[in-house]
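# Coordinate inspection notes
Single-letter residue listing:
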Amino acid sequence: MCGIFGYIGSRKDAGKVVVEGLKNLEYRGYDSWGVAWKSNGSVSVRKDIGKISDVRSEDFSDECSLAIAHTRWATHGGVTKLNAHPHTSCDKQIAVIHNGIVENYEDLRRDLAAKGHTFVSQTDTEIIPHLIEEEMKTTKDFAAAVRAACLKIHGRFAVVAIHAASAMLVAARNGSPLIVGVKRGKGEHAPALSGVEGYFIASDIPAFLDQTRTVQYLDDGEMLVSDGKSIFFSDIRTGEERPKREIEIQWTQQQAEKGAFEHYMLKEIMDQKESVARAVNQDDAQIMTLAKAIREAQGTFLVGCGTAAKACLAAEYFFSVIAETHVNVAPASEFKLFHHFLKPESLLIVVSQSGETADVLEAMRVAKSAGSKVLAIVNNEGSTIAREADYALRINAGPERAVASTKALTGQLAVFLLIAYALAGKLQEGKTLLLETSAAINDLLNPRYIERLKTLAEKISAKRDIFIIGKSWNYPMALESAIKIQEVSYIHAEGFAGGELKHGPIALIEEGTPCIALIGKDEVEGDSISNAIELKSRGGYIIGISPERSDAFDEWIRVPDATAAQAIVNIIPIQVLAYFLAVSRGKNPDMPRNLAKSVTVK
Ligand code: M6R
């Protein structure tokens, strides 16, 4: 939700550097973009509506070593050039980019207007450069002015600011991610005495993976000041230094690129040939400890948002069927209403690909204030959720950049299955099943299979509605299928528990309505086929995703029999189908309208 990228260092082409970096962050927002850079003692700004991918970095040729850039996902104010970041102060000396929401912006704006400040946009962000400008009337120190301004802002934020008269880049964080990439100099750009060629300040690690894998994490309530040769971290409130370690991260640039694929979504679907096995590669002792924590907890709650919430719902079935263990599931955005049931002995399990989702962070804070323990199942290295949780399990999917979550989901499902098997005292059996499933996915994702799904997508892409049914763990996968199809193709899709249809939704079925039935060879297989026949009798065009053919199906999409891991294999053809539904309707599946990859506002 908005991408931030800043650079300060010894390079003289900072404008170009930040435009290139911002292109790696476009998945965080693509309403509009903007760049500010400092050269010859003044700050220049260029911004526009549209996609940063359409901008040529060579056009930013001013010699400069300090620049900031932003790609926007609109919250306050429509998608206009004036509302795009960076925003500037009245004297145009200060430029600011921002992620988050200034909750008290109306009060601040009124006060600033009374002091003579004029505003040109409808955004909450614009008050920040004016606040800094106001503070600079009492302190000439730019960093001190940014600190004072941040103390007046209510709400979650990540802010990066530059000033025409200062050689510093100043950034602050409270609730929205900001990560520093540290590049040691050994190449064409002369390093400083410290050995540092420059610092990259970004919302996410993939933004600077082509430059460095050495990172420093800014925590909530902290700020940083850098002159490009060194960096100083401090507490926003007290000003006290906060020493930071440098951490080498595991992700590689190659993992973050789409390579020969036309879209990240398809690349990430295909990554599942290996990513499920990576999710399974967990430390047995740690999984057993977590299983014990669930067994001993007085109330285990699973929360996530969107696709991650569907992984939680599937886990409810895994824990029940495999381990006869009860857990409570809620969308993270609803969780605070259940705080009465939290005790210090309760356990909250949060699931998040990005590790930055605002509603999930709020759920964690609710649990922590009740003294409960929090386990996070995350993908992004070093994310806020991973760092704030008591324990974190990584799904090791590698960077996921398409807005539609694919390989993260199957990794989450694999980790939940491992824990369920561990709870049942059968961890090795679970591991074997998952590794066999991973091998089966590798076979499944072959060119003929992909082509078959492409043809099916082309056949149904003009339909108004698609319905998906499933029972047991295929029910959450039916809900997930609907999300996948909706978000990238904009076709109306809805998922149901198979048995629920005859209680209302079946009235929606017309002659030829595509109905997808997700089925496994399990105790509910017969019921699921009956549900498909009910739809067929009302004219539904039945697409069966199942290990076995049935007369109920008009089209059969074969999947391997994966027993308890069926949810993992059944969702994969749906991901491919959703991808081709988008493509055949002329939509870009990597950039669905109105959405952003990481939802850092509530
Ligand atoms: O990063 P998270 O896993 O916390 O994100 C949660 C949802 O925003 C995300 O799964 C969303 O629903 C996806 N766009 C679905 O494909």
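Residues numbered from 1 in each chain as written. Predicted model: local features only at pLDDT ≥ 70, side-chain atom pairs only at ≥ 80, totals over all residues. Heavy atoms only, no water.

## A few points about the overall build of the chain
For the chain, the count of helices and strands is 16 helices and 24 strands. For 602 residues, the compact-globule estimate of 2.2 N^0.38 gives 25 Å, and the C-alpha radius of gyration of the chain, at 25 Å, lies within 12% of that figure. With respect to the three principal axes, the spread of C-alpha positions in the chain is 75 × 50 × 50 Å. Burial analysis of the chain (602 residues in total) assigns 62% to the buried set. By sequence separation, contacts in the chain at least 24 residues apart represent 72% of the contacts at least 6 residues apart. By element, 49% of the accessible surface of the chain is carried by carbon and sulfur atoms, the whole surface being about 22,400 Å². Charge separation in the chain, taken as the distance between the mean sites of 68 positive and 76 negative side-chain charges, equals 2 Å. (Helix = DSSP H or I, 4+ residues; strand = E, 2+ residues; numbered from the N terminus. Rg over C-alpha atoms; globule rule 2.2 N^0.38 Å. Buried < 20%, exposed > 50% of the residue type's maximum accessible area, 1.4 Å probe, protein only. Contact = heavy atoms within 4.5 Å. Areas by Shrake-Rupley, 256 points an atom, 1.4 Å probe, with all protein chains shown as cover. Lys, Arg positive; Asp, Glu negative; His and termini not counted. Charge placed at Lys NZ, Arg CZ, Asp CG, Glu CD.)

## A look at the sheet that holds strand S7 (residues 157-163)
The strand order S5-S6-S7-S8-S12-S13 describes an open sheet built from six strands, whose pairing is antiparallel. The open sheet is flanked by strand S5 (87-88) and strand S13 (231-235), the only strands paired with a single partner. Both S7 and strand S8 (residues 169-174) contribute to a ladder of five bridges, which runs antiparallel. For alanine 161, the partnering residue across the bridge sits in S8 and is valine 170. Strands in contact with helix H3 (residues 127-135) are S5, strand S6 (94-100) and S7; relative to S6, the strand with the most contacts, it is inclined by about 130°. Strands S6, S7, S8, strand S12 (222-226) and S13 of the sheet are contacted by helix H4 (residues 142-152), whose axis makes an angle of about 150° with S7. (Pairing = 2+ DSSP bridges. Axes fitted to C-alpha atoms, helices over the stretch in contact; angles between N-to-C directions.)

## What to know about the site of the ligand
The immediate surroundings of the ligand are formed by 14 residues, with Ser352, Gln353, Ser354, Thr357 and Glu487 found nearest. Serine 354 is positioned such that a nitrogen or oxygen atom in its side chain is 2.6 Å from an oxygen atom of the ligand. With respect to the ligand, the backbone of valine 403 contributes an N or O atom lying 3.0 Å from a nitrogen atom. A total of 410 Å² of accessible area belongs to the ligand in isolation, and the protein chains cover 90% of it. Elements that contribute at least two residues to the shell around the ligand include exactly helix H8 (306-323) and helix H14 (474-489). (Near = heavy atom within 4 Å. Polar contact = N/O pair within 3.5 Å; in protein donor to acceptor, adjacent residues only side chain to side chain.)

## What about the domain arrangement of the chain?
Once the domains are mapped, the chain shows domain 1 (3-249), domain 2 (255-443) and domain 3 (446-588). A C-alpha centroid distance of 24 Å is found between domain 2 and domain 3. Each partner contributes to the interface: domain 2 provides 33 residues, whereas domain 3 provides 30 residues. On inspection of domain 2 and its partner domain 3, the count reaches zero salt bridges. Run the count over domain 2 and domain 3 and you get seven residue pairs in polar contact (both at pLDDT 80 or more). Counting only elements with at least two residues in the side of domain 2 that touches domain 3, the list comes to helix H5 (264-270), helix H6 (272-280), H8, helix H11 (407-423) and helix H12 (427-444). Among the elements that make up the side of domain 2 that touches domain 3, the one with the highest residue count is H8 (nine residues). A class-by-class count of the residues in the side of domain 2 that touches domain 3 yields 22 nonpolar, eight polar and three charged. (Domains from an automatic or database assignment. Salt bridge = Lys/Arg side-chain N within 4 Å of Asp/Glu carboxyl O. Nonpolar A, V, L, I, M, F, W, Y, C, P; charged D, E, K, R; others polar.)

## Structural notes on the packing of H6 against H12
A pair of packed helices is characterised by two quantities: the angle between their axes and the separation of those axes. Running from N to C, H6 and H12 cross one another at 170°; their axes reach a closest spacing of 8 Å. The angle between H6 and H12 falls in the class roughly antiparallel. Residues Gln272, Lys273, Val276, Ala277 and Val280 of H6 pack against Lys431, Leu434, Leu435, Ser438, Ile441 and Asn442 of H12. (Parallel < 35°, antiparallel > 145°, perpendicular 65-115°, else oblique.)

## Description of a nonpolar patch on the surface
A surface patch of nonpolar side chains, amounting to about 320 Å² of accessible area, comprises Leu337, Phe338 and Phe341. The topology assignment puts phenylalanine 341 in the loop between strand S16 (328-331) and strand S17 (347-352). (Patch = residues over 30% accessible without salt bridge, like charges linked within 9 Å, V, L, I, M, F, W, Y side chains within 5 Å.)

## Comments concerning the pairing of S17
Most of S17 is tucked away, with six of its six residues classed as buried. With burial as the criterion, each face of S17 is covered, one bearing Leu347, Ile349 and Val351 and the other bearing Leu348, Val350 and Ser352. In terms of strand pairing, strand S15 (residues 300-304) meets S17 through four bridges, oriented parallel. When the sheet's bridge partners are listed, leucine 302 is paired in S17 with isoleucine 349. The β-α-β motif built from S17, the intervening helix H9 (residues 358-369) and the parallel element strand S18 (residues 373-378) has right-handed crossover chirality. (Right-handed = clockwise from strand over helix to strand, strands pointing away.)

## Some remarks on the pattern of salt bridges
Throughout the structure, instances matching the rule amount to 33 salt bridges. The closest approach of N and O atoms between glutamate 555 and arginine 452, which form a salt bridge, is 2.8 Å. With a gap of 103 residues between them, glutamate 555 in strand S24 (residues 555-558) and arginine 452 in helix H13 (residues 447-460) connect regions that are remote in the sequence. Note that glutamate 510 is salt-bridged to arginine 464, the shortest N-O span being 3.6 Å. Remark: arginine 464 occurs in the loop between H13 and strand S20 (465-470) and glutamate 510 occurs in the loop between strand S21 (492-497) and strand S22 (514-518); sequence separation between them is 46 residues. Classification of glutamate 510 by relative accessible area gives partly exposed; the value is 45%. Taken together, the salt bridges that share partners define one network made up of Asp219, Glu222, Asp235, Arg242, Lys244 and Arg387.

## Comments concerning the environment of lysine 459
You can see lysine 459 is positioned in helix H13. Put simply, lysine 459 and leucine 581 are 122 residues apart on the chain and 9.3 Å apart in space, counted from C-alpha to C-alpha. With residues near it in sequence (within four places) discarded, lysine 459 still touches Tyr541 and Glu555. Engagement of the side chain of lysine 459 in a polar contact is seen with the side chain of tyrosine 541, the distance being 2.8 Å. Here glutamate 555 takes part through its side chain, which lies 2.7 Å from a polar atom of the side chain of lysine 459.

## Structural notes on the environment of aspartate 31
Structurally, the position occupied by aspartate 31 is in the loop between helix H1 (14-23) and strand S2 (32-39). Counting along the chain gives 32 residues from aspartate 31 to glutamate 63, while the straight-line C-alpha distance between them is 28 Å. Those residues in contact with aspartate 31 that sit more than four places away from it in its chain are Ile49, Gly50, Arg72, Trp73, Ala74 and Val79.

## Points about the sheet that holds S2
Strand order in the open sheet made by the eight strands is S3-S2-S4-S1-S10-S9-S11-S14, with antiparallel pairing throughout. With one partner strand each, in any of the chains shown, strand S3 (42-49) and strand S14 (247-248) form the two edges of the open sheet. Of the strand pairs in this sheet, strand S11 (residues 214-217) and S14 are connected by two bridges, and their pairing is antiparallel. Within the sheet, the bridge partner assigned to valine 215 lies in S14 and is isoleucine 247.

## Topic: the nonpolar core
Within the largest apolar cluster, 93 residues are counted, with the highest numbers of intra-cluster contacts made by Phe318, Phe319, Phe416 and Ile516. Not counting residues within four places of it along the chain, the set of residues in contact with isoleucine 516 comprises Ile466, Phe467, Ile468, Ile469, Ile485, Ile543, Ile545, Ile574 and Leu577. Residues Tyr27, Ala69, Ala202 and Val215 belong to the second largest nonpolar core, which totals 30 residues. (Core = buried A, V, L, I, M, F, W, Y, C linked by side-chain atoms within 4.5 Å.)

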